[in-house]
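# Architecture and fold: a report
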Amino acid sequence: MSAIWIVAENPDWAAVMVSAAKSVSADALLTVFIPPLPADGLWEDYAPSLVAKAKAEKPSLILVGTSKRGRDLAARSAALLDAPCFSDAKNLALSGNTFSCDTNVYGGSAVRSDSTTEPLVLATIGPKAFEPDPAGISGATAGTLDYTPGKVKVTGRKPRPPQTVNLGEATKVVSVGRGFSEEKDLAAARELAAALGAEVSCSRPIAEFFKWLPEECYVGISGQIIKPQLYVAVGISGQAQHTFGVRDAKVIVSINKDAECLMHQNADYCITGEWQAVIPALVKAVKA
Ligand SMILES: Cc1cc2nc3c(=O)[nH]c(=O)nc-3n(C[C@H](O)[C@H](O)[C@H](O)COP(=O)(O)OP(=O)(O)OC[C@H]3O[C@@H](n4cnc5c(N)ncnc54)[C@H](O)[C@@H]3O)c2cc1C
């Protein structure tokens, strides 16, 4: 593979994609583009410049971070280049002139493998899909893209409220689901988290519908994808959309009153019982 391009919103994500690129080809020439967010436009407005450069310089693979902006940029560029684009790609490989990769389908409950012999392929890469390359982007050439104002003019941006937890860095996480019927019940989960030295996360309904925790706290395919050493799921049924976000956790503990729940099937340790009885006993045991 002659040249691989990486388009990222920040150097950390670019370092993850350097690893992805090296998994495809150890000796490809790497170019990293980190175009700044335009003040009055969209990140995808770099697509015309990326496309023009790709037509002229003919890279074999363009990797883009799977952020909302990255998805837009990758899809628009792929359409303009008439090239295939794989979303959230994993297990990238090159054999001869055949590029292959895996993507998750059906809400993360199945994996699809694709391959192509197209001369140019685009793929988006999640922030945790690979370990960041230890050398970061230092071994790559820095590329630049020109911003071409599009039809959408951004008149203002509001900062998101500051994040209360950093789940991406957390080594232990206690996560709550709809097994909790009132917001005040979360105090019990917080007590367990404090005893374990863990952060608190949740399933999507707790954040999106009940608003008991901020949206950046929910785990799953449309929320955070995390890799803690310990994940304790309390009152979470374990639907595929949720477990997708913790499939790489080292140890999963499920506390649920339903012995048949899916979360138990995805867990290393299962405690069947009402959290109202299990959590105090666990807190006592951990403190002891
Ligand atoms: C496109 C799409 C994307 C989605 N993305 C996500 C996502 O990113 N993250 C996510 O979490 N969900 C996501 N969902 C929703 C997902 O499908 C489930 O609906 C959701 O995860 C269920 O949340 P839950 O487990 O908290 O609730 P429920 O499914 O209602 O489960 C509650 C559990 O609590 C147990 N329970 C009840 N009382 C107690 C008690 N006293 N003690 C112990 N256990 C008890 C029950 O046995 C049950 O297993 C998505 C859905 C769609 C369609």
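Parameters and conventions
In every chain, residue numbers begin from 1 and rise along the written sequence. A pLDDT threshold of at least 70 governs which residues receive local features in this predicted model, and a stricter bar of 80 or more applies before side-chain atom pairs are shown or counted, although totals over entire chains, interfaces and linings include all residues. Side-chain numbers here rest on the full set of heavy atoms in the structure, without hydrogens or water. Residues are labelled near a given molecule or strand when at least one of their non-hydrogen atoms is within 4 Å of it. What qualifies as a polar contact is a pair of N or O atoms within 3.5 Å, subject to a donor-acceptor requirement within protein and to the restriction that residues adjacent in sequence count only when both atoms come from side chains. In these tables, accessible area is a Shrake-Rupley quantity obtained with a 1.4 Å probe, and a residue counts as shielded only by the protein chains included in the view. Where helices and strands are cited, they refer to DSSP runs of H or I of at least four residues and of E of at least two residues respectively, numbered from the N terminus. One less than the number of residues in a helix, times 1.5 Å, gives the span that helix is expected to have. Note on classification: 1.4 Å probe, protein chains only; a residue is buried when its accessible area is under 20% of the maximum for its type, exposed when over 50%, partly exposed between these limits. Think of it as the arc spanned by the lines of direction from the helix axis to the C-beta atoms. When checking whether two residues touch, look at their non-hydrogen atoms; a contact exists if any pair is within 4.5 Å. Reported domain spans reflect what an automatic or database domain assignment gives. A quick way to say it: buried area is the sum, across both parts, of accessible area lost when two parts are put together, with a 1.4 Å probe. Salt bridges, as used here, are contacts in which a Lys or Arg side-chain nitrogen is within 4 Å of a carboxyl oxygen on Asp or Glu. Lines fitted to C-alpha atoms define the axes here, with helix axes fitted over just the stretch in contact, and angles between the N-to-C directions of these axes take values from 0 to 180 degrees. Here the angle decides the label: under 35 degrees means roughly parallel, over 145 means roughly antiparallel, 65 to 115 means roughly perpendicular, and every other value means oblique. Crossing handedness is defined as follows: a turn of the near helix away from the far one that is anticlockwise and smaller than a right angle gives a left-handed crossing, while the clockwise case is right-handed.

A word on the site of the ligand. Around the ligand there are 25 residues in total, and Arg 178, Ser 203, Ser 222, Ser 237 and Asn 256 lie nearest to it. A distance of 3.1 Å separates an oxygen atom of the ligand from a polar atom in the backbone of Ile 221. Gly 223 places a polar main-chain atom, nitrogen or oxygen, 3.4 Å from an oxygen atom of the ligand. Here the ligand has 990 Å² of accessible area as a free molecule, and 75% of this is covered by the chains. Counting only elements with at least two residues in the shell around the ligand, the list comes to α5 (204–209), α6 (240–243) and α8 (275–287).

Further remarks concern helix α3 (residues 68–81). Taking 1.5 Å of rise per residue, the 14 residues of α3 would be expected to cover 20 Å, and the 20 Å separating its terminal C-alpha atoms lies within 8% of that figure. Listing the buried residues of α3 in full gives Gly 70, Leu 73, Ala 74, Ser 77, Ala 78 and Leu 81. Around the axis of α3, the buried residues are gathered within 125 degrees of arc, so they sit on the same side. Of the exposed residues in α3, those oriented more than 90 degrees away from the buried face are Lys 68 and Ala 79. Tucked into the core, α3 has its buried residues touching β1 (3–7), α2 (47–57), β3 (61–65), β4 (85–86) and β8 (121–125). Among the residues trailing α3, Asp 82 stands out with phi positive, at a value near 55 degrees.

Moving on, we come to the domain arrangement of the chain. As assigned here, the chain comprises domain 1 (3–143) and domain 2 (172–287). With centres defined by C-alpha atoms, the gap from domain 1 to domain 2 works out at 33 Å. Taken residue by residue, the interface counts 7 residues in domain 1 and 7 residues in domain 2. Taken together, both faces of the contact between domain 1 and domain 2 bury some 590 Å²; the carbon and sulfur share is 52%. A per-residue breakdown of the area domain 1 buries against domain 2 is headed by Gly 107, Gly 108 and Lys 128, which together make up 63% of the total. The salt bridge partner of Lys 227 is Glu 131, with a shortest N-O separation of 3.7 Å. Counting every contact that joins domain 1 to domain 2 gives 1 residue pair in polar contact (both at pLDDT 80 or more).

Packed helices, taken two at a time, are described by their axes: the angle between them and the distance between them. Between α2 and α3, the least distance of the axes is 9 Å, while the angle of their chain directions is 45 degrees. Judged by the inter-axis angle, α2 sits oblique to α3. Relative to α3, the crossing made by α2 is right-handed. Between α2 and α3, the contacting residues are Ala 47, Pro 48, Leu 50, Val 51, Ala 54 and Lys 55 on the first element and Leu 73, Arg 76, Ser 77, Leu 80 and Leu 81 on the second.

Once that is clear, we can look at the side chain of Thr 116. Mapped onto the elements of the fold, Thr 116 is located in strand β7 (residues 110–116). Take Thr 116: its relative accessible area is 13%, and that puts it in the buried class. Within polar-contact distance, the side chain of Thr 116 engages the backbone nitrogen of Glu 118 at 2.9 Å. For Thr 116, the residues in contact, after removing those within four places along its chain, are Pro 84, Phe 86, Asn 97, Thr 98, Phe 99 and Val 121.

All right, on to the pattern of salt bridges then. Inspection of the entire model under this criterion finds 12 salt bridges. Of the charged contacts in the structure, one is a salt bridge between Glu 9 and Arg 69, with a shortest N-O distance of 3.2 Å. In this pair, Glu 9 is assigned in the loop between β1 and α1 (11–24) and Arg 69 in helix α3, connecting sequence segments 60 residues apart. Linked by salt bridges that have partners in common, Glu 44, Asp 45 and Arg 76 make up one network.

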